[in-house]
Structures are given as C-alpha cells and as structure tokens.
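Architecture at a glance
So you can see what is in the structure, the chains are spelled out below.
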2 protein chains.
Amino acid sequence: MEPLPTAAARPTGSPARIGDVAALAGVGVATVSRVLNGHVGVRPSTRDRVVEAIEALNYRPSSLARSLSLRRTMVVATLLPWFTNPSAVQRVRGIVEGLTGSAYDLMVFDIESEDRQRRAFELFDRGERADGLLVVSTLPPEAEVDRLRAAGVPCVLIDAVHPSFPSIAVDDVAGGEMATRHLVELGHRRIALIGDPPPEFRFEWSRDRTRGYERALTSAGIEPRSDYVREGTRLPHVARAVASELLSLPERPTAIFAASDTQALGAIEAARSLGIRIPAELSVIGFDDIEVAAYVGLTTVRQPLLESGRRGAKLLLETLAGRPVEPLCELLPLELVARSTTGPAPDR
Amino acid sequence: MEPLPTAAARPTGSPARIGDVAALAGVGVATVSRVLNGHVGVRPSTRDRVVEAIEALNYRPSSLARSLSLRRTMVVATLLPWFTNPSAVQRVRGIVEGLTGSAYDLMVFDIESEDRQRRAFELFDRGERADGLLVVSTLPPEAEVDRLRAAGVPCVLIDAVHPSFPSIAVDDVAGGEMATRHLVELGHRRIALIGDPPPEFRFEWSRDRTRGYERALTSAGIEPRSDYVREGTRLPHVARAVASELLSLPERPTAIFAASDTQALGAIEAARSLGIRIPAELSVIGFDDIEVAAYVGLTTVRQPLLESGRRGAKLLLETLAGRPVEPLCELLPLELVARSTTGPAPDR
DNA sequence: CTGAAAGCGCTTACAG
DNA sequence: CTGAAAGCGCTTACAG
C-alpha cells in the first residue's frame, strides 16, 4: 500500500497526504517533511521539486497528525462555564489580548453541565489537543488535577484557586464585605443578598462573598436574617423572580447586594416593575463591573475582569515558554464603584 | 519496543497507553480497544480483566489518536471574528443551545486578524479537529471553500452567504431600508449612517445595510450626502469618536442609523457628552437588538441573533447525521423595535 | 472470542 | 543531503 504516484490517483475528496507529495516529487517523505518544517540541509533543487509538488497537489499537512507526532499543538484552550455571561466574555476578551502576538491560538470550550465538564477534560487533560489550559471560574475535579499534573499539562486558573496551579483571583470575602459595608455606611440595616446557586463545578466564590456580607453585617451590629439571603442563577428571569420575592417580603429590604451585576440588573428590573424607586426606596449594588454597569449607572464592586484574563494568559505563556511558574495565587484588586443605584437608606 | 508489563515501568508523567493496559491485562490491544468502545463479543472474564487494568493504570484513551484513527472527533467548531461582541456572543449562545443534547461538543475559535483566519482554517479545513464547522459573520477565503468541499467537511454559514454552503442570514438591504424608513417617517431629512469599516474577512453586510439606507433615502426624495456616511469599528471609543464628528458637522444630522447596537450606544454616549438630547434633538436607531438594547430603550432593527445560532447548529447537526442539506440560504425575519431613542424630527 | 498487523498522517533519529 | 523505518496512540479488517 505505497503512495500512488500521481495526484489524479487519489480519490477525489481526500486531501493529499505527505506520501503523495513525496511520490510526485520523487523523494522520500522525510524530505518533504524537512521542506515543510523549514529544516536546513535540503538541496535547493530538491526543495524546489518538493515545493512544486506541494503546490500541484494543493497540499497542506494534517495538523492532527502533526500534533500526534510532535506532541505539540500551538493551541491554548480555555475551559469555562457559562461562557456567554458578560463577565466571562470580558475575561475571554482579556485572554485573547494576552495571547495576541504569541504563536498560540485560542480555543474556547464551554462547560455547561457536569457532563460537558467531563468531556472537556477528556479532550484536554493529556495536553494533546492544547498545549496549555486556562480554566476559568471552575475547578477541575480532583481526579483531573492528578491527570493534568501527571501529564505535565501547564494549567492556570482564573477566578478559582487550587494549591496545585498558579491562579488569578480576587478576595471574594473582602469583596462581599466591601459591598455590604458601603450599604451599611449609607444607613441601610435591612440588606438582602442575592447569591449564585450552590457550586455546580466546585466553584465557590459566591459563598465567599456571602461570608463577607455576613461579616460586614455582624461588625455593624446587624443580625443576618436568613429570609434576606436568596440564591438564583444569572438567567435574567430567575434574577428578576428572586428579587421580586425579596421585594415582596412584609419587611422589605432597603438594599440588595447581588453577587453579580447580571443579577443586580435583574433586581433593578424587578424593582421597576413593582414601582419601587431606585435609589430612593431601594439601593442595589452588584459585583464585577461589567460593561453595561457603567452604562446604566450601577453601583458595583469592580473586579478586573479583562485583566484577569490577560494576566492568566501571560502566566500560561510563561509556563509554556519553559519558565517555571510558582503555583501561587495572584490576587487582583477590588474597588468599590459608587454610581447611581445606591443612596441613603430611606427614613424609617 | 514492546509495551512494558507493569504500570510502574512507565515513566512518571506520561499517561498509560493502550499497550500498557493490554500488557497488564495479558491481552492484545485490539481487545482493550473493543472493551473501550463497548463492542460486543468480548468474553466477560476477559472484559473484567481489561477493566481492572484500565482502572489500575487510570487509563483514558488519547482522544487525539482516536480522532486520527476514527477520522471523527465529535466536536463542532465555530469560527467567528470578534467573538466577544455582544451580537456574536448571542449567536454563540444560540449555537450552544442548538447543540445541547447532541453528542457534539463545541469549540469556539476566534478570528481577529487575517493571520488568525488562515490559522483557523489550517486547523479545521480537513475536518480533523472538528467534524463540522459553523462559520459566523465571515466568509472563508475561496481557496478554503475548495478545501472544505474537497475534504467534504460539513459547513454552515451564519450571518454570511456563499453559494457552496447552506446559510442562515437576514436581508441586510431590507434591514437598512427599514431602519432608515422609520426615521424618514418620523420626519427626519438629515439622516446619518455609521457603518462598519470595509470588510476585513469578506464580510459585507454593512455595505448591504448602507445600500438599504441609500435606497430608503432616495425613495423619500432625500439626496444621500457623503459627509453623513461614516465608518468605524465597534470599539466603544471609536464609535463615540465617529458619532462626535457627525454631531459636530455644521449641518448636524437629526438622526443616526448605526449598523449595530454597539455603535448606536456609542452615538448615544457621544450625544450625551455634547449635551444633545435624545430623542428631542437627535434620534438614534441601531441594528441587532442585543440584550442591553431593551434595557436602555434603544430603538433598533431586531434580527434573531439567538435563533440564527440555533438554526445554524441544527442545520449542521442534520448534515452531520447524514441528511443532505441543500446549500440554501435561510433568511430570518427582521423587525423594527421602536423604543425611546427615536422620535419626531425637531422642527427646523 | 482474540491477536498480529496495517492503517490514520505526520516527524525524526539513524544510517548511509 | 536523503531515505527506510520506527514511533506518536489509537481502531479495525483479517485470520484464526
């Protein structure tokens, strides 16, 4: 089953292989490979014949076969849940920026369910489909951590922390505290919280922000009330529904801290449709500072989303370049951005 | 160089291969492969031994090697430029939805420059890294069209049209006309247009919308003015700058039609900072109806972004399932959504 | 029911 | 400077 001598002999529909080129040029495949990879030490006349054959057959090497042979793909993969979320998008944008100018291409893989997460790691945990991984807002299952380490796949975590990998994150407890303190300082006492549902992928920052919220309340001498703490996904209608419940409570909160801007926006809409004025009757503070936040004047705790992606990408690039990176956790700064959705607590 | 008999013999760091499992279980690799792929006709006791060896070695087959051998990846790739743009994100969200429940995983690949576009197709045009392609808001170069067809890679276009592939699109000329007519009907005569820069990736809908704009003007007896037609990218500051120029014209337009909501938002910000009231002194209409549009009350021409992704994914799935799909262009409906950024032209 | 061998399409020592 | 061969890690006829 040797390569056939001419292009015409290849069945239509299947691209030429390196053997076809070799046959047409009258050389061995090794020589074609050398020309392809720009190795020195190929006689110019030979090279010319090979180049000619490549063009005649419209040949392009199989990147898959190359990857298998080279054990290198020049691709970086980003694995993240809900990757169409505004904050996730912003991080991805940072990753794209961080990778710009490098030789690596970016592949983004969505993890929407545990099933997809499993499949994602099946695809990537050997480092065959991508040379490095950027895992965003989720933690690999422990078994995958082992595989990744065993296979030596460079991996950087963004918005998640694990002792085995370097990571870029923020202090979520401090963030929750910061947001809540802002409300307390405005005189609010009845402060509700809308958090994310329990971690689906071992992803726990919502819990940390809740802890910060409780801490701030306690140190202000306010007793946390369980009926003021709700959970819901970031789907617009869910966020609205959760906020509506909160706003229909007999003792309605005068302020809401939402664990994300997306949820804060839902709370604002809920208030709007209930005829509750913001910030006169209700203050709302979010988390993230996504692009629309500035646009609609949402008060929020800003975390450097873009920067997190950029830094994560840079860190991964370092590792890929062979510079060993400590599995340290780099904390990015948080900043309170007071805009127009928070104000003094109503009298009474 | 036969597989070594025990796991311990494998160098740490390299995952077990099928040969290691076979050796440990005392069977041939073919048998391991059969067990792995759930083929019938393996004696239960043999199967048990294999399963045991798999677990002992924590073995997971190389998906890359599988792909090479099977010529199938169970992955669908989406190639799109500026994939963090709100409208692109929305389409991707639709694609994710359309793929949900299927056996295919989604990989997203960003095309930000011609260089990346070339690399994207190098990776995907043989159908080795993905079984099917969803090309969004860009057109493959003609040479790639040939390769894709030659290799028989199923490919669906979204927001782009090519005779060789089925596609999901909208009638952009009609859309441009619809937007402009809305302004004309409100009494505007000085109507400006902010379009995208010339197509970077043979991507021409902005031109079509401009054509619709001109057509609407002409049929209203309004002479198109070249100083009213500007181009700029969707980067926020660019959109603002372009709008500012327009609004500083001696004969300032009373209405702006932006080729995208993102640009419309930029125009609104520019007006704001120039102290121009909307819609009293300036009407602004966008295109797309991205999520924030409703939120900020932007009048726009709605195109079914989510639906385009969903339909594209479904179409691709059909093709992948072997049901031949005509290379037809499916046009999705456009709808004018009048909100609060457009109003009657100011007297005089 | 099972294994040896060929094949997927490359790259790269190794030997000339 | 160049080619035959082994290897990357799988799958699958083919022959028992």
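Attention here is on the structure that accompanies the text.

Cut-off values and rules
Residues numbered from 1 in each chain as written. Chains lettered and ligands numbered in written order. Predicted model: local features only at pLDDT ≥ 70, side-chain atom pairs only at ≥ 80, totals over all residues. Heavy atoms only, no water. Least-squares fit on C-alpha atoms with pLDDT ≥ 70 in both. Contact = heavy atoms within 4.5 Å. Buried area = accessible area lost by both parts, 1.4 Å probe. Salt bridge = Lys/Arg side-chain N within 4 Å of Asp/Glu carboxyl O. Polar contact = N/O pair within 3.5 Å; in protein donor to acceptor, adjacent residues only side chain to side chain. Helix = DSSP H or I, 4+ residues; strand = E, 2+ residues; numbered from the N terminus. Nonpolar A, V, L, I, M, F, W, Y, C, P; charged D, E, K, R; others polar. Pairing = 2+ DSSP bridges. Phe/Tyr/Trp six-rings, centres within 6.5 Å; stacked < 30°, edge-to-face > 60°. Buried < 20%, exposed > 50% of the residue type's maximum accessible area, 1.4 Å probe, protein only. Lys NZ or Arg CZ within 6 Å of the ring centre and 35° of its normal. Near = heavy atom within 4 Å.

**Re the relation of the copies chain B and chain A**
Under the fitted operation, chain B is carried onto chain A by 0.0 Å of movement along the axis and a turn of 180°, and the coordinates agree to an RMSD of 0.0 Å. In short, the pair behaves as if placed about a two-fold rotation axis. Relative to the rotation axis, the C-alpha of V108(B) is the closest in chain B, positioned 2.4 Å from it. The fraction of interface residues of chain B whose copies in chain A are also interface residues reaches 100%, indicating that both copies meet through the same surface.

**Some remarks on the interface of chain B and chain A**
Note on interface size: it is often stated as the accessible area lost on association of the parts. Contact with chain B, which involves 59 residues of that partner, is made by 59 residues of chain A. Taken together, the two surfaces of chain B and chain A that pack against each other cover about 5000 Å², and 50% of this comes from carbon and sulfur. One can count eight salt bridges joining chain B with chain A. Residue R119(A) is joined to D105(B) by a salt bridge in which the shortest nitrogen-to-oxygen separation is 3.1 Å. Put simply, chain B and chain A have 31 residue pairs in polar contact (both at pLDDT 80 or more) between them. At the level of elements, helix 4 (63–70), helix 5 (86–99), strand 2 (105–111), helix 6 (114–124), helix 7 (142–151), helix 11 (261–273) and helix 12 (291–296) of chain B are the ones that each hand at least two residues to the side of chain B that touches chain A. A breakdown of the residues in the side of chain B that touches chain A according to their chemical character gives 30 nonpolar, twelve polar and 17 charged. One ladder, built from three bridges, connects strand 2 (residues 105–111) of chain A with strand 2 of chain B; its direction is antiparallel. Its bridge partner being in strand 2 of chain B, F109(A) is matched across the sheet by M107(B).

**Brief notes about the packing of aromatic side chains**
Summed over the entire model, instances satisfying the criterion amount to four aromatic pairs over all chains. Seen from their ring centres, F257(A) and F287(A) are 6.5 Å apart, and the 40° between their planes marks the pair as tilted. Within this pair, whereas F257(A) is found in strand 8 (residues 255–258), its partner F287(A) is found in strand 9 (residues 283–288), the two being separated by 30 residues in sequence. Of the two residues, F257(A) and F287(A), neither departs from the other in class, the shared state being buried. Above the plane of the ring of Y295(B) lies R272(A), whose end atom (NZ or CZ) is 5.1 Å from the centre. Over the ring of Y228(B) we find R225(B); its NZ or CZ atom is 4.0 Å from the centre of that ring.

**Let's talk about the protein's contact with DNA strand D**
Lining the immediate environment of DNA strand D, one finds 31 residues, of which T31(A), R34(A), T46(A), R71(A) and I18(B) sit closest. Restricting attention to atoms of DNA strand D within 4 Å of the protein, one finds that 75% of them are sugar or phosphate atoms. S69(A) is positioned such that a nitrogen or oxygen atom in its side chain is 3.0 Å from a base nitrogen of DNA strand D. The separation between a phosphate oxygen of DNA strand D and a polar main-chain atom of I18(B) is 2.6 Å.

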